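Coordinate analysis (summary)
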Amino acid sequence: MKRYKNVIRILALALCFTFVTSAQTVSDLIGEVNTSNLDEILNEFTGEVTTIVGGNTVTILNRVSSSGNDLAADYLEEKLSSYSNLEVVSDQYSGGSLGGRNIVATQVGATNPDDIYVICAHYDSVANYCADDNATGTAAVLEAARVLSQYCIDNTIVYALWDEEEIGLVGSSDWADRASNEGKNILGVINLDMIGYDKDGNNNIPIHTNSNSVSLKDDLIDILNTHSAAIGLTPEVVNPGISASDHGSFWNNGYKAIALSEGAEFSDLTPYYHTANDRVNTLHLPYFHKISKYLMAIVATKAGLIDNSSCSLGIESEELNNISIYPNPTTSVINIEFPNMSGSISLELINAMGQIVYKLDASLAKMTVSTDKLPNGMYFLKIRNDERFIVNKIMKN
Ligand SMILES: [Zn+2]
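Quick caveat: nothing in here was measured; it's all calculated off a predicted structure.

Regarding the overall build of the chain
A tally of helices and strands in the chain yields eleven helices and 18 strands. A buried classification covers 54% of the 397 residues belonging to the chain. Summarising the internal contacts of the chain: among those between residues at least 6 apart in sequence, 77% fall at separations of at least 24. Within the structure as shown, the chain displays about 16,000 Å² of accessible surface, and the carbon and sulfur contribution to it stands at 49%.

As structure tokens, this is what we get:
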């Protein structure tokens, strides 16, 4: 039985490897950016439509008042937690005027877990709506997280959504100062702030750098040139760039950081800046989509895609590494064996849109999950044992 099982597993790995090899390039990930998703997040996050937070239908009326800001933070925390492979922290810090809360999700690199890239945007605002400033940057970060979290990567990516940027970079300063004190090896920071307005239609993307970040800026231009046909933007380097956004908190700590932001020297900035007229229907959505694809290209390139489907995602432990999952690809059932497992175990089967299609708390040594009725496609089996979890890709054929 044991030998038979191993044969199936080796066969399954070989099949799976073939599948992932053909689907796992930066170009493929750019193609996975879903513009409907992006627009839906924009509309939900600016209160143009209702959304569901904590199981309740709600409207995020603003991200200024304590209640509106808290609801927005809860929305972000739920969204990021629904993606298969992220550790999400609601990072309540002291200081500021609102009782600030950064929402920070980490995707651990399998090869270089201590080499970190930070992809970030502020989510707070100064008035109702504030779609361009900065629901656009927030949505781009969420969509990059949704796509990339489905893949194994070399380096660690931190997806951060900052609070209280508008009252003086409070949230990002708190986090960047702590990261520096802890000696975190942050290799680069990409900040998105106002990426939805392009009245002159020139598709220019201002890249704001300082002298210390020029090498990162050069990398970003190389990435744009490599994928220019799929992205469709023209770079416009601003050096020295504006410092009045969250990348400034990282500059202050000596880290390399870049901002992508529409207004170079305010020449093509939304005229509705910092007013309640900054609404989704004033944006140039194709421009916003292009920058979101550019962000995907940057993140996927810097993360380093691992061309190997046997790489398991998540935070591992000895017990979790001994789990057997077979057959994979599957047609009708998945068997899961947990030898020597102590503590509680929960299983979640998650589809590519981040929806949980099966959930079970288990205490058995072996389990069988029926996949008969599931549509074909890629799934993620998330197995949690106390504080640790792993995620394995499962193909249903
Ligand atoms: Zn802003």
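Moving on, there is more to tell.
Description of the sheet that holds strand E12 (residues 324–326)
Spatially, the three strands line up as an open sheet ordered E12-E13-E16, and their pairing is antiparallel. Two strands in the sheet have a free side with no partner beyond their single neighbour: E12 and strand E16 (366–370). Strand-to-strand twist in this sheet, taken as the mean axis angle between neighbours without regard to direction, amounts to 15°. Bridge count for E12 against strand E13 (residues 333–337) is three bridges, and the pairing is antiparallel. Within E13, the position partnered with Ser324 by the bridge is Glu337.

Section: the coordination of the zinc ion
For a metal with four tetrahedral donors the ideal donor-metal-donor angle is 109.5 degrees, whereas six octahedral donors ideally subtend 90 or 180 degrees. In the first shell of the zinc ion, the protein supplies His122 (NE2), Asp133 (OD), Asp193 (OD) and Asp193 (OD), at 2.0 to 2.7 Å from the metal. The site at the zinc ion holds four donor atoms, and with the angles between them running 51 to 149°, its shape is irregular. Donor residues for the zinc ion sit on one chain with the sequence pattern H-x10-D-x59-D. Linking His122 in strand E5 (residues 112–122) with Asp193 in the loop between strand E7 (185–192) and strand E8 (204–208), this pair joins segments that are 71 residues apart in sequence. What makes Asp193 buried here is its relative accessible area of 7%.

As for the environment of Glu48
Locating Glu48 in the fold gives a position in the loop between helix H3 (35–45) and strand E1 (51–53). Here Glu48 is in contact with Asn43, Tyr129, Arg279 and Val280, once residues within four sequence places are set aside. For Glu48, the side chain forms a polar contact with the side chain of Arg279, separated by 2.9 Å.

A look at the pattern of salt bridges
Opposite charge on two side chains permits pairing when their charged atoms draw close. Taken as a whole and assessed by the stated rule, the structure comprises eleven salt bridges. For the salt bridge of Asp74 with Arg101, the shortest nitrogen-to-oxygen distance reads 2.8 Å. Of this pair, Asp74 sits in helix H4 (residues 66–82) while Arg101 sits in strand E4 (residues 101–107); the two residues are 27 residues apart in sequence, bridging distant segments of the chain. Residue Arg101 is classed as buried on the basis of its relative accessible area, which comes to 9%. Across the salt bridge formed by Asp219 and Lys302, the nearest N and O atoms sit 2.7 Å from each other.

Comments concerning H4
Between the first and last C-alpha of H4 there are 24 Å, a value that for 17 residues agrees with the 24 Å anticipated at 1.5 Å per step. Of all the residues in H4, the buried ones are Gly68, Asn69, Leu71, Ala72, Ala73, Tyr75, Leu76 and Leu80.

Some points on the sheet that holds E8
Ordered by their spatial adjacency, eight strands build an open sheet running E3-E4-E6-E5-E7-E10-E8-E9, and the pairing between neighbours is mixed. Because the sheet does not close on itself, it has two edges, and the strands there are strand E3 (87–92) and strand E9 (234–238). Taken over all neighbouring pairs, the strand axes of this sheet differ in orientation by 20° on average, direction set aside. Note: E5 against E7, six bridges, orientation parallel.

A closer look at the side chain of Asn335
Relative to the assigned elements, Asn335 resides in strand E13. Given the relative accessible area of 12%, Asn335 is considered buried. Only 2.9 Å separates the side chain of Asn335 from the side chain of Thr368, close enough to count as a polar contact. Discounting chain neighbours no more than four positions away, the residues touching Asn335 are Ser324, Ile325, Tyr326, Pro327, Lys366, Met367 and Thr368.

Remarks on the nonpolar core
In summary, soluble globular proteins display a tendency toward joint burial of nonpolar side chains. With 68 residues, the main nonpolar core has Leu148, Ile190, Leu260 and Tyr294 as its most contacted residues. A total of eleven residues in this core trace back to one element, the largest contributor, which is helix H10 (residues 285–303). Residue contacts for Tyr294: discarding those within four places in its chain leaves Ile205, Ile207, Leu220, Ile221, Ile223, Leu224, Ile231, Leu233 and Leu260.

A look at unusual backbone geometry
Looking along the chain, the bond that leaves Asp133 and enters Asn134 is cis, with omega of 15°. Structurally, the position occupied by Asn134 is in helix H5 (residues 131–148).

Quick notes on the pairing of E4
The element E4 is largely enclosed, with a buried count of six among its seven residues. For E3 and E4, the ladder comprises six bridges, and the chain directions are antiparallel. Looking at the pairing, Val88 lines up with Ala105 of E4.

Quick word on the confidence of the model for the chain
Per-residue pLDDT for the chain averages 87, and the proportion of residues at 70 or more is 87%. Across residues 1–23 the pLDDT falls below 50, and counting only partners more than four positions away or on other chains, this stretch makes 28 contacts in the model.

Quick notes on the rules
Residues numbered from 1 in each chain as written. Predicted model: local features only at pLDDT ≥ 70, side-chain atom pairs only at ≥ 80, totals over all residues. Heavy atoms only, no water. Helix = DSSP H or I, 4+ residues; strand = E, 2+ residues; numbered from the N terminus. Buried < 20%, exposed > 50% of the residue type's maximum accessible area, 1.4 Å probe, protein only. Contact = heavy atoms within 4.5 Å. Areas by Shrake-Rupley, 256 points an atom, 1.4 Å probe, with all protein chains shown as cover. Pairing = 2+ DSSP bridges. Axes fitted to C-alpha atoms, helices over the stretch in contact; angles between N-to-C directions. Donors = N, O, S within 2.8 Å, 3.2 Å for Na, K, Ca; no water. Tetrahedral: all angles 85-135°; square planar, octahedral: opposite > 155°, others 65-115°. Polar contact = N/O pair within 3.5 Å; in protein donor to acceptor, adjacent residues only side chain to side chain. Salt bridge = Lys/Arg side-chain N within 4 Å of Asp/Glu carboxyl O. Expected span 1.5 Å × (residues − 1). Core = buried A, V, L, I, M, F, W, Y, C linked by side-chain atoms within 4.5 Å. pLDDT = per-residue confidence, 0-100.

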